[in-house]
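# Notes for the structure review
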Amino acid sequence: MDQKIFIKTFGCQMNEYDSNRIFDAVKQIGYIKTDRYEDANCYLLNTCHIRDKAKEKVYHEIGRVKKKFRSKKKPLVIIAGCVAQAENQEMLKREPYIDLIIGPQAYHKINDMILNYAKKQKIEETEFDAVSKFEYLSRIKNQTSKSSSFLTIQEGCDKFCHFCVVPYTRGPEYSRPFNQIIEEAKNLVDQGTKEIILLGQNVNAYNYDNKRLSNLIYEIEKFKQIKRIRYTTSHPRDMTGDLIEVYKYSKKLMPLVHLPVQSGSDKILRLMNRKHTVKTYLEIFYKLKSINPEIQFSSDFIISYPGEDENDFKNTLKLIDEIKFINSFSFVFSPRPGTVASNLPIIDKKKSFEKLEIVQDKLYKNQIEMNKSLENATIDVLVENRTDDKSKLFGRSQHMTSVLFDGIDDLIGKVVKIEIQNSNRNSLFGITANQSSQKVA
Ligand code: SAM
Ligand code: SF4
Ligand code: F3S
């Protein structure tokens, strides 16, 4: 009988990529995927440590599983990802229901860990070994056959922003070999992928034998079947001239730049150890805009970082007004264990959430305006799948906005022209352009 695995993923796209690859790995030892955790023989939680309560969320989740399996044979419980890396042995001690702990750079060992568990030995693997991880993962096929697929090219971070756990949970910066990435891209293309989203905690820091992200984009663009290329998440310091130039020459690199700024105040950026200024950020913005005015920016913001005063906050609002970001993420600062900012004096919670609301209102207003401006326009949409209730097709605009419309399944995986009729903050609603001309005729 097949073994069934249930995988639940928290956190960033890199965790989503890892979860897909973990499944590619365990398939080799006879696992199939189940969407119902109560049917699973193996329950894997891929965790995120970026903000508070991450750890508690994991124990809460395990509590839920425990309850469900009270009168049944217990599944093998595996904790993977960034909380696993940060907490390791502690988790095995605190929650005996957990069987295996595996950090983000040890996934090449997962099958051995599962097979050896037959000996009932609890194991924790949290060594940083990105080389072996990716060597192993490139030997087994990436079987994500979606129109839009993730491809991790870089892992870890050497920048040590004072608020961030990533350098501790993902280890030092590592760039995968150029040819290994192109092989994986080819494999995704062979399975029908039309869009590749290149991933890394600092994706634009990619550097393998002096080959940079720009070289990768040009190489992937050569696949005829690939219609769109994106990358995330980038750091302002690594927005080098060669990457900016790609926007001049590439036909497939999408005109949305996700470039986290965190704050609009140089004082706060300095306290955060961001190593960029508002001026250098704006220079990148205006350079890109002069290459292609259709380029839009999205960003990440941290509100109420220790030391932020009213003037710093005003500067963040000013920057939002100037750049008119679309689709941004914003969070109140959350102290993370082991980071430089972990013990700094916290700004009043109520005040912080009021500020967050002000920032989000502004960001949402930009989003609504941007979507509204597309009503009656015809835009290119890469169709990804059906909506959950199967009633509509779902795709994305060049700027990553969700687009919903009626259509046949044959359109999935194609770039189609959609006439936008309506919009809200998160989505655009339309009809296929030939449908609209039929209506007129
Ligand atoms: N490498 C990217 C960069 O340099 O901006 C960011 C990657 S991080 C995984 C994603 C986002 O989480 C950050 O941009 C930041 O806004 C947010 N974040 C990280 N640590 C945080 C903290 N301690 N409190 C609140 N937000 C945090
Ligand atoms: Fe975290 Fe990004 Fe800073 Fe690295 S560059 S420490 S991932 S916020
Ligand atoms: Fe979270 Fe780790 Fe990603 S902390 S955001 S899952 S790198």
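Structure first, text after, so check above.
Notes on the structure follow. (Residues numbered from 1 in each chain as written. Chains lettered and ligands numbered in written order. Predicted model: local features only at pLDDT ≥ 70, side-chain atom pairs only at ≥ 80, totals over all residues. Heavy atoms only, no water.)

## As for the packing of aromatic side chains
The tally for this structure, following the rule as stated, stands at 12 aromatic pairs. With a centroid separation of 6.4 Å and 50 degrees between ring planes, the pair formed by Tyr281 and Phe325 is classed as tilted. Here Tyr281, found in helix 12 (residues 278-291), pairs with Phe325, found in the loop between helix 13 (310-323) and strand 17 (329-332); they are 44 residues apart in sequence, far enough to count as distant. Just as Tyr281 is buried, Phe325 falls in that class too. Taking the centre distance of 5.3 Å and the plane angle of 85 degrees together, the rings of Phe301 and Phe325 count as edge-to-face. Here Phe325 lies in the loop between helix 13 and strand 17 and Phe301 lies in strand 16 (residues 300-303), a separation of 24 residues in the sequence. The pair formed by Phe301 and Phe325 is uniform in burial state, with each residue classed as buried. The aromatic ring of Tyr59 is capped on one face by Arg94, whose charged end is 3.7 Å from the ring centroid. Looking at Lys211, its charged tip hangs above the ring of Phe178, at a distance of 4.9 Å from the centre. (Phe/Tyr/Trp six-rings, centres within 6.5 Å; stacked < 30°, edge-to-face > 60°. Helix = DSSP H or I, 4+ residues; strand = E, 2+ residues; numbered from the N terminus. Buried < 20%, exposed > 50% of the residue type's maximum accessible area, 1.4 Å probe, protein only. Lys NZ or Arg CZ within 6 Å of the ring centre and 35° of its normal.)

## Notes on the site of ligand 1
Neighbouring ligand 1 are 17 residues; Phe163, Gln201, Gln262, Asp300 and Ser334 lie closest to it. In the model, a nitrogen atom of ligand 1 is placed 2.7 Å from a nitrogen or oxygen of the Gln201 main chain. Compared with its free state, where it exposes 570 Å², ligand 1 has 89% of that area covered by protein. By residue class, the composition of the shell around ligand 1 is 7 nonpolar, 6 polar and 4 charged. (Near = heavy atom within 4 Å. Polar contact = N/O pair within 3.5 Å; in protein donor to acceptor, adjacent residues only side chain to side chain. Areas by Shrake-Rupley, 256 points an atom, 1.4 Å probe, with all protein chains shown as cover. Nonpolar A, V, L, I, M, F, W, Y, C, P; charged D, E, K, R; others polar.)

## Some remarks on the packing of helix 10 (residues 241-249) against helix 12
Two quantities define a packed helix pair, namely the angle between the helix axes and the distance between the axes. Two elements in contact, helix 10 and helix 12, have axes whose closest approach is 9 Å; the angle formed by their N-to-C orientations is 20 degrees. For the element pair helix 10 / helix 12, the angle class is roughly parallel. The interaxial crossing formed by helix 10 with helix 12 has right-handed handedness. Packed against helix 10, whose contacting residues are Ile244, Tyr247 and Lys248, the element helix 12 presents Ile284, Lys287, Leu288 and Ile291 at the interface. Across the contact of helix 10 with helix 12, the residue classes tally to 5 nonpolar, no polar and 2 charged. (Axes fitted to C-alpha atoms, helices over the stretch in contact; angles between N-to-C directions. Parallel < 35°, antiparallel > 145°, perpendicular 65-115°, else oblique. Left-handed = near helix turned anticlockwise from the far one by under 90°. Contact = heavy atoms within 4.5 Å.)

## Observations regarding the packing of helix 13 against helix 14 (residues 349-372)
Taken N-terminus to C-terminus, the directions of helix 13 and helix 14 make an angle of 15 degrees; their axes are 10 Å apart at the nearest point. If you check the angle between helix 13 and helix 14, you find them roughly parallel. Pair helix 13 / helix 14 crosses with right-handed handedness. Counted together, Glu310, Phe313, Leu317, Ile320 and Asp321 of helix 13 and Lys351, Lys355, Ile358, Val359, Lys362, Leu363 and Asn366 of helix 14 form the full contact between these two elements. Here the residues of the contact of helix 13 with helix 14 are counted per class, giving 6 nonpolar, 1 polar and 5 charged.

## Observations regarding the environment of Glu135
Summarising the element assignment, Glu135 is placed in helix 6 (residues 130-139). Judged by its relative accessible area of 41%, Glu135 is partly exposed. Put simply, Glu135 and Asp406 are 271 residues apart on the chain and 43 Å apart in space, counted from C-alpha to C-alpha.

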